[in-house]
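In case you want the letters, here they are:
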Protein chains: 2
Amino acid sequence: MLLINRDTDYAIRVIVYMFKMDEKTISARDISDRLDIPYPFIRKILQTLSKENILKTRRGRGGGFSLKKLPEDITTIQLVKIFQDDMDITHCIFKDNICPDIDSCILRKEVKSIEKFIKERLGNLTVEDLIRKQ
Amino acid sequence: MLLINRDTDYAIRVIVYMFKMDEKTISARDISDRLDIPYPFIRKILQTLSKENILKTRRGRGGGFSLKKLPEDITTIQLVKIFQDDMDITHCIFKDNICPDIDSCILRKEVKSIEKFIKERLGNLTVEDLIRKQ
DNA sequence: TATAATGATAGTTATTTAATATCATTTATC
DNA sequence: GATAAATGATATTAAATAACTATCATTATA
Ligand code: FES
Ligand code: FES
């Protein structure tokens, strides 16, 4: 069980890389080569990031991706929410069914409160922090 | 991604149930019927709990399981560690390989610190708490 | 001795995650 | 205008993990 999955991790790496390179646009092929991430995989991540308005794209020959948001305006929790289904770690044994105990379940309340803490922590951690602290 | 998985959840339910019943021994068949948990599944959980010295067993006809520890001496984190591979939520993209950045990785440090928090919280939450607060 | 229980362990199925593939559309360059 | 190089959209396959089941040996009671 990982808190940060591979997609989110790659997304962070890509953003950090693009910021450091400081070029106008970088193609998916480029990123795949430089960061050693499988091409179709990074494509999907880049497409998602542009749909989410974190990257902007230029199509066609010579096109590629560039940062639309500043690293200081991108928090880790944003990326986690995009790639990890809103980070729902809430415990309930009855997954899709309605749980009879859902209002009284103490364990659930505990886990909810932990989830809140995690979201606050990752909400205060921007990609810029990750770059600066390195 | 769930913080508490099904095994851990069932384990908690079983301990709570056994405490409330306050009988000498209860068989796996009994628990399966009463709590509506698949028989082979609950068997495995009970066996694990007895190996971990949380339950004691009596084999043979009329045998079964009984609590060895008091609910106040069983913490949620103990159960999580037993059933969820020590709850290692630490982020590292290079799973089994050695990660070159493992000492400097800021994200990893963040996740480690979150993990520490979770373990403390669940370490202070005993099964007795779960019973009492209900 | 038959029965009802756990001990130990192997095996199967379902679900989720990771990774790949395909084809249409766009744009710069020759 | 033709070609090449890029993304958009979406479908498919493969690997890993989690959930669940099955089997047979051993033990103890009636
Ligand atoms: S088991 Fe459903 S909310 Fe706790
Ligand atoms: S990527 Fe390996 S420790 Fe962060």
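For the structure, check the block above.
Just so it is clear, the model here is predicted, and its values are computed rather than measured.

Asker: Outline the overall build of chain A, listing residues and values.
Answerer: Counting its secondary structure elements, chain A contains six helices and two strands. Along chain A, helices and strands appear, N-terminal first, in the series α-α-α-β-β-α-α-α. Taking 134 residues into account, the globule formula puts the C-alpha radius of gyration at 14 Å, and chain A, at 18 Å, lies well above it. Taken along its principal axes, the extent of the C-alpha atoms in chain A is 55 × 30 × 25 Å.

Asker: Which residues make up the pattern of salt bridges, and what values go with them?
Answerer: Any two side chains of opposite charge can pair, given that their charged atoms come close. Residue and element names in this part refer to chain A. Enumeration according to the criterion identifies 17 salt bridges over all chains in this entry. Of the charged contacts, one joins Lys112 and Glu115 as a salt bridge, the two residues approaching to 3.6 Å between their closest N and O atoms. Pair noted here: Lys112 and Glu115 are both in helix 5 (residues 106-123), with a separation of three residues, about one helical turn. A relative accessible area of 34% means that Lys112 is categorised as partly exposed. Using a relative accessible area of 5% as the deciding quantity, one classes Glu115 as buried. With its nearest N and O atoms 3.6 Å apart, the salt bridge here joins Lys116 to Glu120. Here Lys116 and its partner Glu120 are both found in helix 5, four residues apart, which amounts to about one turn of the helix.

Asker: Help me get a handle on the protein's contact with DNA strand D, residues and values and all.
Answerer: Taken together, 25 residues lie near DNA strand D, and Ala28 and Phe65 of chain A together with Pro38, Lys44 and Arg59 of chain B sit nearest. Between Arg43 of chain A and DNA strand D, the recorded distance is 2.9 Å, taken from a side-chain N or O atom to a base oxygen. A distance of 3.4 Å separates a base oxygen of DNA strand D from a polar backbone atom of Gly60 of chain B. Looking at side-chain class alone, the surface near DNA strand D contains six nonpolar, eight polar and eleven charged residues.

Asker: Tell me what's going on with the protein's contact with DNA strand C, and back it up with residues and numbers.
Answerer: Taken together, 25 residues lie around DNA strand C, and Phe41 and Arg59 of chain A together with Ala28, Arg43 and Phe65 of chain B are the ones closest in. Per the 4 Å cut-off to the protein, sugar and phosphate atoms form 56% of the nearby atoms of DNA strand C. Separating a phosphate oxygen of DNA strand C from a backbone N or O atom of Ala28 of chain B is a distance of 2.9 Å. Looking at the surface near DNA strand C, the elements that each hand over two or more residues are helix 3 (39-51) of chain A together with helix 3 (39-51), strand 1 (55-58) and strand 2 (64-67) of chain B. The element that contributes the greatest number of residues to the surface near DNA strand C is helix 3 of chain B, accounting for five residues. Residues belonging to the surface near DNA strand C are distributed by class as follows: six nonpolar, nine polar and ten charged.

Asker: Account for unusual backbone geometry, with residues named and values stated.
Answerer: Despite not being glycine, Asp36 of chain A has its phi angle at roughly 60 degrees, a positive value. Tracing the backbone through its elements, the reader meets Asp36 of chain A in the loop between helix 2 (28-35) and helix 3.

Asker: I'd like a description of the environment of Ile74 of chain A, backed by residues and values.
Answerer: All names here are of chain A. The topology assignment puts Ile74 in the loop between strand 2 (64-67) and helix 4 (76-83). Classification of Ile74 by relative accessible area gives buried; the value is 0%. The spacing of Ile74 and Asp101 is 27 residues in sequence and 37 Å in space, taken between C-alpha atoms. Discounting residues that sit within four places of it in the chain, Ile74 has contacts with Ile15, Ile54, Lys69, Leu79, Leu125, Thr126 and Val127.

Asker: Account for the packing of aromatic side chains, naming residues and giving values.
Answerer: Pairs of aromatic rings are described using the distance from one ring centre to the other and the angle between the two planes. Evaluation of the coordinates by the stated rule reveals three aromatic pairs over all chains. Ring geometry for Phe117 of chain A and Phe117 of chain B: centres 3.6 Å apart, planes at 15 degrees, overall stacked. Of the two residues, Phe117 of chain A sits in helix 5 while Phe117 of chain B sits in helix 5 (residues 106-123), which places them in two different chains. A centroid spacing of 5.3 Å and a plane angle of 85 degrees characterise the contact between Tyr10 of chain B and Phe41 of chain B, whose relative ring orientation is edge-to-face. In this pair, Tyr10 of chain B sits in helix 1 (residues 6-21) while Phe41 of chain B sits in helix 3, placing the two residues 31 residues apart along the sequence. With relative accessibility at 25%, the residue Phe41 of chain B sits in the partly exposed group. The aromatic ring of Tyr39 of chain A is capped on one face by Arg29 of chain A, whose charged end is 3.9 Å from the ring centroid.

Asker: Please provide a residue-by-residue account of the interface of chain A and chain B, values included.
Answerer: Tallying the contact residues gives 31 residues for chain A and 31 residues for chain B. Around 3,300 Å² of area is buried between chain A and chain B when both sides are counted, 69% of it from carbon and sulfur atoms. Contact with chain B buries surface across chain A, with Met1, Ile93 and Ile106 of chain A losing the most and accounting together for 21% of the total. Applying the counting rule to chain A against chain B returns six residue pairs in polar contact (both at pLDDT 80 or more). Contributions of two or more residues to the side of chain A that touches chain B are made by helix 1 (6-21) and helix 5 of chain A.

Cut-offs applied
Every chain begins its residue count from 1, and numbering advances along the sequence as written. As they are written, the chains are lettered A onward and the ligands numbered 1 onward, keeping that order. Local features are withheld for residues below a pLDDT of 70 in this predicted model, meaning they are given only at 70 or higher, and side-chain atom pairs are given and counted only at 80 or more; totals for whole chains, interfaces and linings count all residues. Each side-chain value is worked out from all heavy atoms of the structure, with water and hydrogens disregarded. Here a helix means four or more residues in a row that DSSP labels H or I, a strand means two or more in a row labelled E, and each is numbered from the N terminus. Throughout, the radius of gyration refers to the C-alpha atoms, and the reference size of a globule is 2.2 Å times the residue count to the power 0.38. Throughout this description, the term salt bridge denotes a Lys or Arg side-chain nitrogen within 4 Å of a carboxyl oxygen of Asp or Glu. Note on exposure labels: buried denotes an accessible area under 20% of the residue type's maximum, exposed denotes more than 50%, and partly exposed covers the range between, all computed with a 1.4 Å probe on protein chains only. Any residue with a heavy atom positioned within 4 Å of a molecule or strand is treated as near that molecule or strand. Residues adjacent in sequence count toward polar contacts only when both atoms are side-chain atoms; beyond that, a polar contact is any pair of N or O atoms within 3.5 Å, and within protein one must be able to donate a hydrogen and the other to accept it. Residues are sorted three ways: Asp, Glu, Lys and Arg are charged, Ala, Val, Leu, Ile, Met, Phe, Trp, Tyr, Cys and Pro are nonpolar, and all the rest, Gly among them, are polar. Contact definition: two residues touch when any of their heavy atoms are within 4.5 Å. Under the pairing criterion, centres of Phe, Tyr and Trp rings, with the six-membered ring standing for Trp, must be within 6.5 Å; the plane angle then separates stacked pairs below 30 degrees from edge-to-face pairs above 60, leaving the rest tilted. When the NZ atom of lysine or the CZ atom of arginine is within 6 Å of a ring's centre and also within 35 degrees of its normal, the charge is said to sit over that ring. Note on definitions: buried area is the accessible-area loss of two parts on being combined, 1.4 Å probe, summed for both.

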